[in-house]
Amino acid sequence: MKLVKLASITKKMTLAAVGAFLLIFLPMHMGLNLCIIRDDGGEWYRNVCHFMGTNWIVKVFEVILLATVLIHVIVAILLTIENLRARGSVRYAVPSKTKTHFGSKYMIWTGGLIFAFLVLHFVNFYFAKFGLVEGVYTVKTEKLQMHITDKVLDIQQQMENGKIDQQKAQEMMMNLQMEYMPYLQLTQSGQPADKLSKDGKEIINLRGKKELESFAGKDFTDYEPDFYVMCNDLFKNKMYSLIYLLALIILGVHLFHAINSIFQTFGLNHRKYNKAIEYLAAGYAVIVPIGFAIVPLFVLFCK
Ligand code: HEM
């Protein structure tokens, strides 16, 4: 019985098509995250995250990406349930001799584990962007400086308009100075040094909203997650590094069969070049997880 009135082949091709799209995302995500190991105090990685977090084309891509992840998971579950129902509880007396890749029997399990990893991964990083979890934050000094300047100009304006007298204006200026003292001290003295980027253009490593507000004030909203510090913090934790490394091994097993299956689903397999497809799948399924694994291993053993 069909759960969704779409032919199984349509579902299988949808699964393969959105899977192929995710194969484009992974090497890009891996490459960007490898910037973490560069010895520049996080300058490149923060710039990359800032670009990824503010560029509208990337934002459109992000929505498409999340939609494809969801479609991939839902269609995979639908197909698995339909296959189980089609096969029923009776197993073949003689196990089939057809050559199946190691990972193919367990695709729904490796897929399920990767989805569980993604949920954890979103809690570790992605949800910090939307304030769903407490994170570490960074603020562009230029933007904060403009925010403070606007406040100073507003006080001057109010005085010129006679809304407040000079004494009140001085009092408000004093309060402003008190409110932004940590920021002023940081930009003037560079101390504490772990709060200022090497180029002085960013206040970094602001741990939680409380510290963020102590530097940027309660009404400053133009801040971003400091994913560089969040990645280093996470992977210094041996348990998290182990979870990520195990998830990457499972991802490799899933990807190896997935890539072979995509070619099969679109009828692009032929005994003349099936071997080449297998090598391509093996190469991708080994290189991409290793590329990701370099980050936790580097933070754990080289930082
Ligand atoms: C070393 C390993 C990894 C690191 C350091 C890492 C880091 C990050 C960070 C910082 C974000 C938030 C970026 C942003 O939204 O601006 C993110 C988002 C995301 N990650 Fe990862 N990631 C890793 C591995 C993976 C793996 C293996 C997958 C897939 C199986 C994955 C899938 C995603 C997805 C789908 C998003 C949300 C969309 C996006 O923002 O690009 N990540 N990751």
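Reading the values: rules and limits
- Residues numbered from 1 in each chain as written.
- Predicted model: local features only at pLDDT ≥ 70, side-chain atom pairs only at ≥ 80, totals over all residues.
- Heavy atoms only, no water.
- Buried < 20%, exposed > 50% of the residue type's maximum accessible area, 1.4 Å probe, protein only.
- Helix = DSSP H or I, 4+ residues; strand = E, 2+ residues; numbered from the N terminus.
- Pairing = 2+ DSSP bridges.
- Donors = N, O, S within 2.8 Å, 3.2 Å for Na, K, Ca; no water.
- Tetrahedral: all angles 85-135°; square planar, octahedral: opposite > 155°, others 65-115°.
- Salt bridge = Lys/Arg side-chain N within 4 Å of Asp/Glu carboxyl O.
- Core = buried A, V, L, I, M, F, W, Y, C linked by side-chain atoms within 4.5 Å.
- Contact = heavy atoms within 4.5 Å.
- Near = heavy atom within 4 Å.
- Polar contact = N/O pair within 3.5 Å; in protein donor to acceptor, adjacent residues only side chain to side chain.
- Nonpolar A, V, L, I, M, F, W, Y, C, P; charged D, E, K, R; others polar.
- 1 Å grid on protein atoms, 1.4 Å probe; cavity = no way out; pocket = protein on both sides within 12 Å on 5 of 7 lines; lining within 4 Å.
- Points joined across faces, edges and corners; volume = space filled by probe spheres on them.
- Patch = residues over 30% accessible without salt bridge, like charges linked within 9 Å, V, L, I, M, F, W, Y side chains within 5 Å.
- Areas by Shrake-Rupley, 256 points an atom, 1.4 Å probe, with all protein chains shown as cover.

Engineer: Talk me through the pairing of strand β2 (residues 202-207); I want residue IDs and the actual numbers.
Structural biologist: For β2, the buried fraction is high: 5 of the 6 residues fall into the buried class. Two strands pair when backbone bridges link them, and strand β1 (residues 136-140) and β2 are joined in this way by 4 bridges, in the antiparallel orientation. When the sheet's bridge partners are listed, K140 is paired in β2 with E202.

Engineer: Give me the lowdown on the coordination of the iron atom of the ligand, citing residues and values where you can.
Structural biologist: The iron atom of the ligand binds to the protein through H29 (NE2) and H121 (NE2); the donor distances cover 2.0 Å. Between the 6 donor atoms coordinating the iron atom of the ligand, the angles at the centre fall across 87 to 179 degrees, so the site counts as octahedral. With a gap of 92 residues between them, H29 in helix α1 (residues 8-33) and H121 in helix α4 (residues 107-124) connect regions that are remote in the sequence. The class of H121 is buried, set by a relative accessible area of 16%.

Engineer: Explain the pattern of salt bridges residue by residue, including any values.
Structural biologist: Taken as a whole and assessed by the stated rule, the structure comprises 12 salt bridges. With its nearest N and O atoms 2.9 Å apart, the salt bridge here joins D40 to R38. Close ionic contact of R46 with D226 constitutes a salt bridge, the shortest N to O distance being 2.9 Å. Taken together, the positions of R46 in helix α2 (residues 43-54) and D226 in the loop between β3 (224-225) and α9 (227-236) put the pair 180 residues apart, joining distant regions of the chain. The two residues R46 and D226 agree in class, both being buried.

Engineer: A description of the nonpolar core should follow, citing residues and the corresponding values.
Structural biologist: The biggest cluster of nonpolar side chains holds 21 residues, and the ones touching the most others in it are L23, L26, L251, L255, Y284, V288 and F292. Residue assignment for this core shows that the elements contributing at least two residues are α1, α3 (56-87), α10 (238-265) and α11 (274-302). Excluding residues that lie within four positions of it along the chain, F292 makes contacts with L26, H29, M30, N33 and L248. Residues F117, M230, C231 and V299 belong to the second largest nonpolar core, which totals 20 residues.

Engineer: Could you give an account of unusual backbone geometry, naming the residues involved and the relevant values?
Structural biologist: Among all residues except glycine, the phi angle is most often negative; among peptide bonds, the trans geometry is most common. The omega torsion across Q191 and P192 is -10 degrees, close enough to zero to call that bond cis. Within the secondary structure layout, P192 lies in the loop between α7 (181-189) and β2. The phi torsion at N205 lies on the positive side, around 55 degrees, for a residue other than glycine. Looking at the secondary structure, you find N205 in strand β2. For N205, a relative accessible area of 8% gives the class buried.

Engineer: Describe in detail the site of the ligand, supporting the description with residues and values.
Structural biologist: Not every one of the 22 residues close to the ligand is listed here, only the nearest: H29, N33, H121, Y126 and K129. Contacts to the ligand include H29, whose side-chain N or O atom sits 2.8 Å from a nitrogen atom. Contacts to the ligand include K129, whose side-chain N or O atom sits 2.9 Å from an oxygen atom. Elements with a contribution of two residues or more to the shell around the ligand: α1, α3, α4, α9, α10 and α11. Tallied by class, the residues present in the shell around the ligand amount to 17 nonpolar, 3 polar and 2 charged.

Engineer: Just give me the short version of empty space enclosed by the protein, but keep the residues and values in it.
Structural biologist: The final tally for this structure, using the stated rule, is 2 cavities of 30 Å³ or more. Approximately 40 Å³ is the volume found for the largest cavity. Along the walls of the largest cavity sit R46, C49, H50, T138, K140, E202, E224 and P225, which together make up its complete lining. Mapped onto the lining of the largest cavity, the elements with two or more residues apiece are α2, β1 and β3. Tallying contributions element by element places α2 first for the lining of the largest cavity, with 3 residues. Within the lining of the largest cavity, the residues separate by chemical class into 2 nonpolar, 2 polar and 4 charged. Computed from the structure, the second largest cavity encloses a volume of approximately 30 Å³. Along its surface, the second largest cavity is lined by T138, V139, K140, K143, E202, D222 and E224. The leading source of residues in the lining of the second largest cavity is β1, at 3 residues.

Engineer: Summarise a nonpolar patch on the surface; cite the residues concerned and give the values.
Structural biologist: Taken together, the side chains of I77, I81, Y106, I108 and W109 define a hydrophobic patch exposed on the protein surface, amounting to about 480 Å² of accessible area. Elements with a contribution of two residues or more to the nonpolar patch: α3 and α4. Among the structural elements, W109 can be located in helix α4. By relative accessible area, which is 60% here, W109 ends up exposed.

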